[in-house]
Amino acid sequence: MNFTLRIWRQANAKAKGKFETYTIENISADTSFLEMMDILNDRLIRQGCEPVAVSKGCKGGDPVAFDHDCREGICGMCSLYINGRAHGPDDDVTTCQLHMRKFNDGDIITIEPWRSRGFPVIKDLVVDRSAFDKILQAGGFISVNTGGVPDANAIPVPKEKSDESMDAAACVGCGACVATCKNGSAMLFVSSRVSSLALLPQGKLEAARRAKAMVAKMDELGFGSCTNTQACEMECPKSISITHIARMNREFLLANLKD
Amino acid sequence: MAEKLNAKIPEGELAEKWTNHKSHIRVVSPANKRKLDIIIVGTGLGGASAAASLGELGYNVKVFCISDSPRRAHSIAAQGGINAAKNYQNDNDSVYRLFYDTIKGGDYRSREGNVYRLAEVSNLIIDQCVAQGVPFARDYGGLLDNRSFGGAQVSRTFYARGQTGQQLLLGAYAALNRAISKKQVTAFPRHEMLDLIVIDGEAKGLIARNLVTGDIERHAAHAVVLATGGYGNVFFLSTNAMNSNGSAAWRSYKKGACFANPCFAQIHPTCIPVHGEQQSKLTLMSESLRNDGRIWVPKKKEDVEKLRNKQINPSQIPEDERDYYLERRYPAFGNLVPRDVASRAAKERCDAGFGVNETGLAVFLDFSTAIQRLGKKVIEQRYGNLFQMYEKITDVNPYEEPMMIYPAIHYTMGGLWVDYNLMTTIPGLYAVGEANFSDHGGNRLGASALMQGLADGYFILPYTIGDYLAGKIQEKKVDTNHPAFVEAERAVCDKMNKLLAVKGAQTVDYYHKRLGRIMWDNVGMARNEAGLKKAIEEIRTLRMEFWENVYVPGEPGEFNQELEKAARVADFFELGELMALDALNRRESCGGHFREEMQTDDGETLRDDNNYMYVSAWEYKGPDAEPERHKETLNYEFVKPSTRNYKD
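Residues numbered from 1 in each chain as written. Chains lettered and ligands numbered in written order. Predicted model: local features only at pLDDT ≥ 70, side-chain atom pairs only at ≥ 80, totals over all residues.

## Observations regarding the overall build of chain A
- Within chain A one finds nine helices and seven strands.
- Summarising its shape, the C-alpha atoms of chain A cover approximately 70 × 40 × 35 Å along the three principal directions.
- Here chain A, with 259 residues, has 53% of them falling under the buried criterion.
- Taking the intrachain contacts of chain A between residues at least 6 apart in sequence as the baseline, contacts between residues at least 24 apart amount to 68%. (Helix = DSSP H or I, 4+ residues; strand = E, 2+ residues; numbered from the N terminus. Buried ≥ 20, exposed ≤ 12 C-beta atoms within 10 Å, placed from the backbone. Contact = placed C-beta atoms within 7 Å.)

If you want it as structure tokens, here you go:
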């Protein structure tokens, strides 16, 4: 398969970025999207080179920087905005699980970084998502030290609650929800953590305080408000439901009533 | 030489060693902990749990990771589960049984004392994780559920769907976040350790590169902990994450830490087969699938041909024309034999010409029997996300047709040599989790990596490091202007500049792939003397070519992913050579290390306890010198090593 790629290039956080166009040929349908990017980068580095056997030195075209790591959809590192959609045209996958068979031969593919006030660009397609760590540091935990905890079976947890908690905990922290939201809101990300812990007896004790602290931090870091467009749920690679936002709002309200 | 490797295993009965040891080692008072600095490199299960626990105790902790967030560490990709000897299923499990299975699974090449301790603290881990809010699978009564894993005849594996590693890591990461919020720990994401600082023979800090700006930084501490994972990416294609690397451990080796059993690499039997030249990594299908999936190839070659030519679908092959070779060869354990055994059995069938895809390198993992017995819904509940992942990658629906799988590099049992306190041969340098070597011998059992990472980080290191640091409370903090820092920083910069200056004709990946090919062909699932000798020569030649002909674009003082890769691949060349050397030395077959010269008539491993019941710990002797091999003899006081038998 052959493609035309329009890729956002930006030298660093302060530089002005722009789209560059590249063509790429002979890509197998079984190739993953990121492998296609690897092939492109290989060519960019070699650009101007004679065929491989002749050792003349590469001209060193500048490869495209992009974040990736596990390439099996769980680390949350990959973060491409492809043809106007977070993680591209396939549903319920991260970019690394997207394969070229989801495109048509000859397609023009536009590739951008996550765009949001909360995620400044570092280089090309790489963004800074440290705001997510900061939000979780504000309260996304249960306050227990190592050791001195009760036996794991001491407190039964209803299976339905535990399962729902797991549904929320599937979040990989990729930021697709923020990137896709017209308000740049991080509500789905924040609520997945708040809800996952609030559903469990172990996390219930601090639920209200946690919701309040995390929402305050989210606002402080410049993420927008939620206007219930539900785009985040649509684009979440782990299909996390916006019902968790409702649960967080409940905890948040409770926290404010208690004050 | 005996001095070099003092394992410090406590005397006494197996079950009392750890308790006695804990009671007698020194502790540091709260007021003094505040004066002591600890650096931790890596934020997977071992690193995050250690950083959180040590921060809570009151030490000043700095934690480094190469990803943009501690949560990305590759522990997150572990799917199936974590073992513990809770005996919640009333199937007669016990600490001793978990210990015994792990020692046997490791083919009697691990330490009794360490493995017993691991089994002993396993139960505390489950308690800790539940208290942190890890949503383990539960039954309708609200209590925790278990499943079975390879190498065990009891159900002791706790799990959170197919995302157990993710959930355990999010638990440890949450504990780490709490410690960060309380200013007990400072995190340095997107930072890579480039060298270890050793002053007067003790680890005193590191040189790190800020991966965003390219700045070189100096960090001093009273102790350094490596939690940097394994080196499986030396093979290029593996189930490891793309950025996983062996460089922190390797550079510590070059500063004096012995490297133990480098040839022990685990090849996981259930991975999605290689599809083409451009493939960047291999995807694991969890071992938990072997609870319900049955592994087979056709009995007849003509069926194999038809499958390869896509004339028939696998589901059309009748039951009695299928060879369920694991059930046939190992009736007692069946599809749940340990990983090394299952991998070799798959290779045996494929080498005999029964591989079921175009490349001839695949076998079937079939769920049709389980779907008939339990219904599709139950299978979906148990493995839904894995089935979805498989379909996304291969475009085949595993509810209808069997999965195709083949073995791939997954985990490295070898690693930095550590004593019972998890300290390397450099005082003040510790290694935890996959980065060390101590608990899995020649083969790791499924669901035991998560157990070991968390055991080391939550419950072992926080105690044992105190014993060392208790002697450091009077010591002044090291000045980062010390000549050792200046010299190490200069060496690090020289090496980067050298890589950038080559300006050759090939990319870093080109060399990495070629190295991986040499490793897989000669230091992979089957090894022999001639192949290993050839591999060492080929690696040396390729390494020289790399240094003369690689092209690394860009500058050192910027975000430069090619430069990061180049420095890691440079280390992989050296590490790969040491793996081959170690494999050449170990003329026996044990665990994941299969020497073709050493096998029984029916193709099983032939261990040589008389000559090889030891740990090989290699000491660096300079760039052009052969490393020196030290031996730590393994003493089996409580278990009698026998031939592993999974047949009856």
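## What about the sheet that holds strand 7 (residues 202-210) of chain B?
All names here are of chain B.
- Read from one edge of the open sheet, three strands run 6-7-8, paired in antiparallel fashion. Every other strand in the sheet has two partners, leaving strand 6 (191-199) and strand 8 (216-220) as the edge strands with one partner each. Here the strands of the sheet are splayed against their neighbours by 25 degrees on average, with no regard to which way each runs.
- The sheet contact formed by strand 6 and strand 7 spans eight bridges and is antiparallel. Note on strand 7: the bridge partner recorded for isoleucine 197 is glycine 205.
- In this fold helix 14 (residues 483-502) packs onto strand 6, strand 7 and strand 8, with an angle of close to 140 degrees to the strand it touches most, strand 6. (Pairing = 2+ DSSP bridges. Axes fitted to C-alpha atoms, helices over the stretch in contact; angles between N-to-C directions.)

## Observations concerning helix 10 (residues 339-354) of chain B
All names here are of chain B.
- Judged by how many residues are buried, helix 10 sits mostly within the fold: twelve of 16 residues are covered.
- Of all the positions in helix 10, only Arg339, Asp340, Val341, Ala342, Ser343, Arg344, Ala345, Ala346, Lys347, Arg349, Cys350 and Phe354 are classed as buried.
- Structurally, helix 10 contributes buried residues whose contacts are with strand 11 (265-271), strand 12 (294-298), helix 8 (301-308), helix 9 (325-329), strand 14 (363-366) and strand 15 (403-412).

## A few points about helix 12 (residues 376-394) of chain B
All names here are of chain B.
- The end-to-end C-alpha distance of helix 12 is 20 Å, clearly below the 27 Å that 19 residues give at a rise of 1.5 Å each.
- Of the residues making up helix 12, those classed as buried are Ile379, Arg382, Tyr383, Leu386, Phe387, Met389, Tyr390 and Lys392.
- Summarising the contacts, the buried residues of helix 12 are in contact with helix 11 (368-374) and strand 15.
- A positive phi of about 70 degrees marks aspartate 395, the residue just after helix 12. (Expected span 1.5 Å × (residues − 1).)

## Quick notes on the nonpolar core
- One finds Ala51(B), Ile125(B), Val225(B), Leu226(B), Leu416(B) and Tyr430(B) to be the most contacted residues of the largest nonpolar core, which totals 288 residues.
- With near-sequence residues (within four places) excluded, Val225(B) lies in contact with Ile38(B), Ile39(B), Ile40(B), Val41(B), Ala50(B), Tyr430(B), Val432(B) and Leu461(B). (Core = buried A, V, L, I, M, F, W, Y, C linked by C-beta atoms within 7 Å.)

## With respect to the packing of helix 16 (residues 529-549) of chain B against helix 17 (residues 561-585) of chain B
All names here are of chain B.
- Where helix 16 contacts helix 17, the two axes come as close as 9 Å, and the packing angle between them is 165 degrees. Between helix 16 and helix 17, the angle falls in the class roughly antiparallel. Taken as a pair, helix 16 and helix 17 cross one another with a handedness that is left-handed. Where helix 16 abuts helix 17, its residues Glu529, Leu532, Lys533, Ala535, Ile536, Ile539, Arg540, Arg543 and Phe546 lie against Phe573, Gly576, Glu577, Ala580, Leu581, Ala583 and Leu584. (Parallel < 35°, antiparallel > 145°, perpendicular 65-115°, else oblique. Left-handed = near helix turned anticlockwise from the far one by under 90°.)

## Observations regarding the sheet that holds strand 12 of chain B
Residues and elements named next belong to chain B.
- If you trace the five strands from one edge of the open sheet to the other, you get 11-15-14-12-13, paired in antiparallel fashion. Only two strands of the sheet have a single neighbouring strand rather than two, namely strand 11 and strand 13 (322-323).
- Relative to strand 15, strand 14 runs antiparallel, the two being bridged by three bridges. Residue pairing in the sheet places valine 363 in a bridge with isoleucine 405 of strand 15.

## Remarks on the environment of Thr228(B)
Residue and element names in this part refer to chain B.
- Relative to the helices and strands, threonine 228 resides in the loop between strand 9 (223-226) and helix 7 (247-253).
- When the C-alpha atoms of threonine 228 and phenylalanine 264 are compared, they prove to be 17 Å apart, with 36 residues separating the residues in sequence.
- Discounting chain neighbours no more than four positions away, the residues touching threonine 228 are Val41, Gly42, Ala248, Ala249 and Ala435.

## Some remarks on the interface of chain A and chain B
- Chain A puts 70 residues into the contact, and the matching count from chain B is 67 residues.
- Going through the elements one at a time, helix 1 (33-46), strand 6 (121-123), helix 2 (130-137), helix 3 (159-169), helix 5 (187-198) and helix 6 (201-204) of chain A are the ones with two or more residues in the side of chain A that touches chain B.
- Take the side of chain A that touches chain B: its biggest share by element is seven residues, from helix 1 of chain A.
- Here the residues of the side of chain A that touches chain B are counted per class, giving 31 nonpolar, 22 polar and 17 charged. (Nonpolar A, V, L, I, M, F, W, Y, C, P; charged D, E, K, R; others polar.)

## Topic: the environment of Glu577(B)
All names here are of chain B.
- Among the secondary structure elements, glutamate 577 is positioned in helix 17.
- Sequence separation between glutamate 577 and arginine 543 is 34 residues, and the spatial gap between their C-alpha atoms is 9.9 Å.
- Once residues lying within four places of it in the same chain are set aside, the contact partners of glutamate 577 are Ile536, Ile539 and Arg540.

## Re the domain arrangement of chain B
Residues and elements named next belong to chain B.
- Examined at the domain level, chain B breaks down into domain 1 (270-410) and domain 2 (483-633).
- Taking only C-alpha atoms, the centre of domain 1 and the centre of domain 2 are 32 Å apart.
- Counting from both sides, the interface comprises six residues of domain 1 and, opposite them, five residues of domain 2.
- When residues of the side of domain 1 that touches domain 2 are assigned to their parent elements, the largest contribution, five residues, is made by helix 10.
- The residue inventory of the side of domain 1 that touches domain 2, partitioned by class, reads one nonpolar, one polar and four charged. (Domains from an automatic or database assignment.)

## Points about the pairing of strand 9 of chain B
Residue and element names in this part refer to chain B.
- What you see with strand 9 is no split at all: Ala223 and Val225 on one side and Val224 and Leu226 on the other are buried throughout.
- Sheet analysis places strand 1 (residues 37-41) next to strand 9, joined by four bridges and oriented parallel. Of the residues in strand 9, the one forming a bridge with valine 41 is leucine 226.
- As paired elements, strand 9 and strand 17 (residues 429-431) share three bridges and run parallel to each other. Its bridge partner lying in strand 17, valine 224 is registered against leucine 429.

## A look at the domain arrangement of chain A
Residues and elements named next belong to chain A.
- Partitioning chain A into structural domains gives domain 1 (3-123) and domain 2 (130-258).
- Centre-to-centre separation of domain 1 and domain 2, based on C-alpha positions: 31 Å.
- Contact residues are listed per partner, giving 18 residues for domain 1 and 17 residues for domain 2.
- For the side of domain 1 that touches domain 2, the per-class residue count stands at seven nonpolar, seven polar and four charged.

## Overview of the confidence of the model for chain B
- Mean pLDDT over chain B: 96, with 100% of residues reaching 70 or higher.
- For this predicted complex, the interface score ipTM comes out at 0.96, while the overall pTM is 0.96. (pLDDT = per-residue confidence, 0-100.)

## Considering the confidence of the model for chain A
- Scored by pLDDT, chain A has a mean of 93; 95% of the residues are at 70 or more.
- Residue range residues 48-57 of chain A is modelled with pLDDT below 50. Its contacts to residues more than four positions away, or to other chains, number twelve contacts.

## Describing the environment of Met166(A)
- By the element assignment, Met166(A) lies in helix 3.
- Residue class for Met166(A) comes out buried when judged on the 20 C-beta atoms lying within 10 Å of it.
- Along the chain, Met166(A) and Ser195(A) lie 29 residues apart, while their C-alpha atoms are 9.9 Å from each other.
- With residues near it in sequence (within four places) discarded, Met166(A) still touches Pro135(B), Ala160(B) and Arg161(B).

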